[in-house]
Amino acid sequence: MRRSVRRCYEETGYVYATGAMEIARRSGKERIARLASNENPFPPPPAVLDAAILALRGVNRYPAEEPRALLEALRKFHGEYHFAAGAGMDGVIETLIRLLVEPGQRVPVATPTFSFYGVAATGHGAEVVPVQRRADFSVDLEAFARAMEGAPLGFLCSPNNPTGNETTPREIARLLDGIDGVLFLDNAYVDFSDLDYRPLMEEHDNLVIGRTLSKIYALAGLRIGYAFLPGWLAEPYRRAQTPFAVSTVAAAAAEAALGEGEWAKGYRDHVRGWRERFVREIRLRVYPSGANFVLVDIAPRLSDDVMEALAHRGVVVRSCRSFPDLEDHYIRVSIGEDWENERLVREINLL
Ligand SMILES: *Cc1c(COP(=O)(O)O)cnc(C)c1O
């Protein structure tokens, strides 16, 4: 038998931010500022850790078919919507593609953006159709609606990764009125913005909103995300999902995390304060952001060069070179702890 993998995985796939970390480890700095992956720099609050540890005692058993307590907690938190939980929002995205897209069908994606939509859709045999954002990274809604003609599912991220800008709920409503397919609206960073897209669920049955506990609730390593589904998708989603995708521990931690509103607000305020300071203090073009990171234009230098230069100084940021449809002179910088952010500002201004 020939040992071969499918062509879409021969060379490409998800791009991890690892190179800079290797360089930073060799920088001789005692502490490395890790600002590449939009993680919460703080460990989860004690009540969340306690809930996770308690849940560990039960891991000899499979989780329940549905993480009922978590779904109930989500309804308490957000209101009476239909929810699906998965192994990170990424897990939900994968299930949704499986559920809605036939191999060969088109899947529009507003680019530049988070790469996993394309990776997952391509892996499913779909044809990814990039719809390039304008120079200011706003979405060309007419072009996106045209690309959605005949497409079962499309992806739009707001606040967008890696650009940080937002598409307003009003614009999303207009887009939903003009398309037949389902829009996956990625709200991974919505907790850091002032916008609320949830009311759109009441008026539109072709909208899925993706959310994650990886960022605001500091659970990136546990892999837990969820989505708001229109009613007609709730039951089919259950049939399509990976069995037991949400671990007992992740479900318990997520449920506890939803009760930590004050803690989350503290991190949100930290992010919002530093977002403004980055704009004021970094002597380069910093784009306005609704997320826990900012995009920095480092022209005429190149993304990888600046990423490497900062890594040598003990600061790991994300080079944006691998984002399709984005020019090669941007880096993405997450908001970290005070000392990390202070070092970033100091070092980037010395470049
Ligand atoms: C981090 C991120 C996710 C993934 O979230 P997980 O729940 O950790 O899988 C999804 N979308 C965007 C835009 C992200 O940046």
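Residues numbered from 1 in each chain as written. Predicted model: local features only at pLDDT ≥ 70, side-chain atom pairs only at ≥ 80, totals over all residues. Heavy atoms only, no water.

Section: the overall build of the protein chain
Working step 1: In terms of regular secondary structure, the protein chain is built from 13 helices and 12 strands.
Working step 2: Over its C-alpha atoms the protein chain spans a radius of gyration of 20 Å, differing by no more than 12% from the 20 Å that the globule rule assigns to 351 residues.
Working step 3: Within the span of the protein chain, comprising 351 residues, buried residues form 56% of the whole.
Working step 4: Long-range pairs, those at least 24 residues apart, make up 75% of the contacts in the protein chain between residues at least 6 apart in sequence.
Working step 5: Approximately 16,600 Å² of the protein chain is accessible, and the part contributed by carbon and sulfur atoms is 49%. (Helix = DSSP H or I, 4+ residues; strand = E, 2+ residues; numbered from the N terminus. Rg over C-alpha atoms; globule rule 2.2 N^0.38 Å. Buried < 20%, exposed > 50% of the residue type's maximum accessible area, 1.4 Å probe, protein only. Contact = heavy atoms within 4.5 Å. Areas by Shrake-Rupley, 256 points an atom, 1.4 Å probe, with all protein chains shown as cover.)

With respect to the site of the ligand
Working step 1: In the vicinity of the ligand there are 13 residues, among which Met 89, Asp 186, Tyr 189, Thr 212 and Lys 215 approach most closely.
Working step 2: Contact distances for the ligand include 2.6 Å between an oxygen atom and a side-chain N or O atom of Ser 214.
Working step 3: Arg 223 is positioned such that a nitrogen or oxygen atom in its side chain is 2.7 Å from an oxygen atom of the ligand.
Working step 4: Here the ligand, which alone exposes 380 Å², has 93% of that area covered by the protein.
Working step 5: If one sorts the elements of the shell around the ligand by residue count, helix H4 (residues 88–100) sits on top with 3 residues.
Working step 6: Per-class residue counts for the shell around the ligand are 5 nonpolar, 4 polar and 4 charged. (Near = heavy atom within 4 Å. Polar contact = N/O pair within 3.5 Å; in protein donor to acceptor, adjacent residues only side chain to side chain. Nonpolar A, V, L, I, M, F, W, Y, C, P; charged D, E, K, R; others polar.)

Digging into empty space enclosed by the protein
Working step 1: In this structure the tally under the stated criterion is 3 cavities of 30 Å³ or more.
Working step 2: Volume-wise, the largest cavity comes out at about 80 Å³.
Working step 3: Lining the largest cavity are Pro 63, Ala 64, Glu 65, Glu 66, Pro 67, Ala 85, Gln 241, Thr 242, Phe 244, Ala 245 and Val 246.
Working step 4: Classifying every residue of the lining of the largest cavity gives 7 nonpolar, 2 polar and 2 charged. (1 Å grid on protein atoms, 1.4 Å probe; cavity = no way out; pocket = protein on both sides within 12 Å on 5 of 7 lines; lining within 4 Å. Points joined across faces, edges and corners; volume = space filled by probe spheres on them.)

Section: the state of the cysteines
Working step 1: Inspection of every chain in the model, using the stated rule, returns 0 disulfides.
Working step 2: Distance from the sulfur of Cys 320, which forms no disulfide, to the nearest cysteine sulfur (Cys 157) is 13 Å.
Working step 3: You can call Cys 320 buried: its relative accessible area is 0%. (Disulfide = S-S within 2.5 Å.)

So, the packing of H4 against helix H5 (residues 116–123)
The description of two helices packed together rests on the angle between their axes and the distance between the axes.
Working step 1: Between H4 and H5, whose axes approach to 10 Å, the crossing angle comes to 35°. The crossing of H4 and H5 is right-handed. On H5, the residues touching Asp 90, Ile 93, Glu 94 and Ile 97 of H4 are Phe 116, Tyr 117, Ala 120 and Ala 121.
Working step 2: Here the contact of H4 with H5 is composed, by residue class, of 6 nonpolar, no polar and 2 charged. (Axes fitted to C-alpha atoms, helices over the stretch in contact; angles between N-to-C directions. Left-handed = near helix turned anticlockwise from the far one by under 90°.)

Things to note about the domain arrangement of the protein chain
For interface size, the figure often reported is the accessible area lost on association.
Working step 1: In terms of domains, the protein chain is made up of domain 1 (7–43 + 261–350) and domain 2 (59–257).
Working step 2: On a C-alpha basis, the centroid separation for the pair domain 1 and domain 2 is 24 Å.
Working step 3: Around 2,400 Å² of area is buried between domain 1 and domain 2 when both sides are counted, 62% of it from carbon and sulfur atoms.
Working step 4: The largest share of the area that domain 1 buries against domain 2 comes from Tyr 14, Gly 290 and Asp 325, three residues that together contribute 23% of it.
Working step 5: Taken together, domain 1 and domain 2 are joined by 2 salt bridges.
Working step 6: Where domain 1 packs against domain 2, one counts 11 residue pairs in polar contact (both at pLDDT 80 or more).
Working step 7: Here the side of domain 1 that touches domain 2 takes 7 residues from helix H11 (residues 261–281), the largest share from any one element.
Working step 8: Each residue belonging to the side of domain 1 that touches domain 2 can be placed in one class, and the counts come to 19 nonpolar, 7 polar and 5 charged. (Domains from an automatic or database assignment. Buried area = accessible area lost by both parts, 1.4 Å probe. Salt bridge = Lys/Arg side-chain N within 4 Å of Asp/Glu carboxyl O.)

Some points on the pattern of salt bridges
Working step 1: Evaluated as defined, the whole model comprises 14 salt bridges.
Working step 2: With a shortest N-O distance of 3.3 Å, Arg 174 and Glu 142 are connected by a salt bridge. Here Arg 174 is found in helix H7 (residues 169–177), whereas its partner Glu 142 is found in helix H6 (residues 141–147), with 32 residues between them in sequence.
Working step 3: Overall, Glu 142 belongs to the partly exposed group, its relative accessible area being 42%.
Working step 4: Arg 268 is paired through a salt bridge with Asp 194; the nearest N and O atoms lie 3.8 Å apart. Of this pair, Arg 268 sits in helix H11 while Asp 194 sits in the loop between strand S6 (182–186) and helix H8 (200–203), and the two are 74 residues apart along the sequence.
Working step 5: Salt bridges sharing common partners tie together Asp 194, Arg 268 and Arg 272.

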